Each structure stands twice: as C-alpha cells, then as structure tokens.
Amino acid sequence: MRNSIPATGYNRPMTQFIYTCAPESEIEARDELKALETGIEAVRRLAPGVFLARCEPSWKELAARLVHRPPVWTRHVNPVSLRLPLRGDAGDLAALEAALPSVLMDLDTGLSFSIQTRLLGESRWAYSRFDVNERLAAVAAGWGAALDVRAPDQALSVVCIPGEAFLGISLAAHNLSSWAGGEIRYRKEPERISRAEFKLLEALETFRVDFPKSGRALDLGASPGGWTRLLLEHGLEVTAVDPAELDPRLSGHPGLRHIRARFEDARLSGPFDVVLNDMRLDARDSARLMADAVSLAAPGALSVMTLKLPENRKALTAEAALRILARDWNVLAARQLFHNRNEVTVVLRR
C-alpha cells in the first residue's frame, strides 16, 4: 500500500520516510527535524534510533531542505513508497520480489543503484539481508539500471521489521549517507591501533575531505596513536601531543615526533597543514583550545575534531562549542557519525 499514512487536514497523503540516529540522541534528532518546519512528526519507533515519520512536503522537497541544512544528529533518511506485510518466513522473499515493480517506477535507469536492506528487531529472520539484496537486485537490474554497491547514484532502501517491510527509492545524495541506515563499516585491519581510527575514516568519507599528500600535521590528544597512524600513512610529518604513551608500533617512525605533554605546556611551532583533536575534554573547553591552536595552522589548513558531550543537554553543549569554534575557524560540517560515542565530529578550515 503506497503512502498509507492518512493525511490530517490535507487533500493528499503525507510523505512517509524513515530516519536514523544514535539511540542516545533520539530527542536531539527529533527536535532538529521538527525545526525544518515541514510538519514532520515521528509516527513509530521501529528500533532503537530508527523511526518511521511523516511530513507535509514531498520527499524531494524534504531532501532538498536536508541537503541545504545538513543535520547534526540525523544520520540517514530514506523515503517509504510501499509498505508490505511480512510473514517472517522464506516466503517473504517472493512477496518482496512480486511487489517490487510498483516501487521501481521511481527508478532512474540512467543512474546506478544498489539495494540497501536492514533487518530490524530481535527475532530470528528466515533469510539474511544478503538474500534480500540478491533477490531484488536481479529484478531491478532487469529494468536496465547498472548495479553499483560501492558508490551508487541511487538506493533502493528495504527496511524490514517483524510483520512489515518498508521500501523506497531515492538518490543516494539525498539519504545523508550512502550506507544503509548510515551504518558505515570498515574492515578491522591488523595494523589498526584503536577504534578511533574508524571515526576519522568516516569523517573523511562522509564530509568528502582528505589530507594533503604532504606537509605537517598536529595531532592533539594523540594517544594511543590511531589518528597519528593514519596521518603517517598519508605521508604527513606528524607532531603527536599527549602526556600518555603511543602504541609501540609507532616507535621509531621517521615522520613522527611525540611530545609527552599537554597542549598548553607543549612548545610548538607551526605552521601545520592539518590539525586533529580527539582530546577527552568538555566540548566547550576543547573548542577554546582550538582557538589557541589556530595560530599554529597554515592558511587553508584542514582540521577534524570531536566534541565530547554530556549525557544531558547534548544539543545545547554542541551548539555552544560550535559558536566558540566559529570565531576563529570556518566550520564546514558537524555530524554525529556512526562511529561516534556520545560525541560529534566537526570539520574545520583555517
């Protein structure tokens, strides 16, 4: 049934969509979506951090507003054009396949696509998301569009919960993330030093920025050295500042200088082409520290930092920190990423 949520006071059904966020930031995500003034309301919590919602504008109008005003707490959005009952057995695959042509009416065959399936809920599924992807991709490919699972132009989103499936097609650029539900995954490479590396990799991919191929980098709060390792891997000379030790695997690297001190006590000389900050400080204190660090940054220097947030009043704390940063830096983006833990990642330019 397409657009099955009835309108209230309107001549047409309201647009349905699904949005995701960190489970601990559900209130913040809800509030920022409501601030778009589109009549958005959450209708149903499908899983922790996953909501079915509706709004007055069309999907394209909503997506345009989100692209123009990127959210901080919302990770992923996708439209819902079809809702389908599920029985919970292998017959669901045939039911999804049979219903798919009505959804594919929205497929642009001149653009590549991928199938992005999420199976939510604690119940055991009789099939995997890969089974769904393979079954539906074969049908969609018959319409003439090219399958591209790595960098698709558009995504067919399939969200399944016990008893029901939600399907919709959209441009990947309108989903806020090219990964299903915004859940970006990286392989656990043997050389990885810490989970924090995933945060930096996700920031570079999400915000479409990259380190320069050469130059000097400053890593504040570097221990145990995950971000430092990635900087060295990119060919940068790194000054790592942290009172704690770095991982022994970094010892003796010719491009590394480790200053075992707090930033306030370190004697640093710039300019640095990259400034990173993953320090365990209150977000506002960390932002004030970055005001001091700006004098060490070269013109146009890239900075990536995390804002550590309290359990309560996260949005107010983040907003205050961003205002402090904006006095000395150009704030390019801020988002609570999939690999963040009660923090927000910020990208800055000198």
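Trainee: Explain the pairing of strand 1 (residues 15–21) residue by residue, including any values.
Mentor: The buried fraction of strand 1 is high, at seven of seven residues. Of the two faces of strand 1, the one holding T15, F17, Y19 and C21 and the one holding Q16, I18 and T20 are both buried throughout. In this structure, strand 1 lies alongside strand 3 (residues 50–55), joined through six bridges in antiparallel fashion. Directly across from Q16, in strand 3, lies its bridge partner R54. Where strand 1 and strand 4 (residues 74–80) come together, six bridges link them in antiparallel fashion. From the neighbouring strand, I18 faces strand 4, where its bridge partner is N78.

Trainee: Can you tell me about helix 5 (residues 196–206), naming the residues and giving the values?
Mentor: Burial analysis of helix 5 places eight of its 11 residues in the buried class, the great majority of the element. Residues A196, E197, F198, K199, L200, E202, A203 and L204 constitute the buried set of helix 5. Looking at the buried residues of helix 5, the elements they touch are helix 6 (226–233), strand 12 (272–277), strand 13 (297–308) and strand 15 (343–349). Remark: R208 follows helix 5 within two positions and exhibits a positive phi of approximately 55°.

Trainee: Quick one: what's the story with helix 8 (residues 314–326), residue by residue and with numbers?
Mentor: Because the α-helix completes a turn every 3.6 residues, residues three or four places apart line up on one side. Taking 1.5 Å per residue as the helical rise, helix 8 with its 13 residues ought to reach 18 Å, and the 18 Å between its terminal C-alpha atoms agrees with that figure. Within the span of helix 8, buried status applies to K314, T317, A318, A320, A321, L322, I324 and L325. In this structure, the buried side of helix 8 is in contact with helix 1 (26–34), helix 7 (283–293), strand 13, strand 14 (330–335) and strand 15.

Trainee: How would you summarise the confidence of the model for the chain if you had to cite specific residues and measurements?
Mentor: Low pLDDT marks stretches whose predicted atomic positions should not be read closely. In the predicted model, the chain carries a mean pLDDT of 92, and the fraction of residues at 70 or more is 97%. The low-confidence segment residues 1–11, where pLDDT is below 50, has 28 contacts with residues more than four positions distant or belonging to other chains.

Rules and cut-offs
Residues numbered from 1 in each chain as written. Predicted model: local features only at pLDDT ≥ 70, side-chain atom pairs only at ≥ 80, totals over all residues. Heavy atoms only, no water. Buried < 20%, exposed > 50% of the residue type's maximum accessible area, 1.4 Å probe, protein only. Helix = DSSP H or I, 4+ residues; strand = E, 2+ residues; numbered from the N terminus. Pairing = 2+ DSSP bridges. Contact = heavy atoms within 4.5 Å. Expected span 1.5 Å × (residues − 1). pLDDT = per-residue confidence, 0-100.

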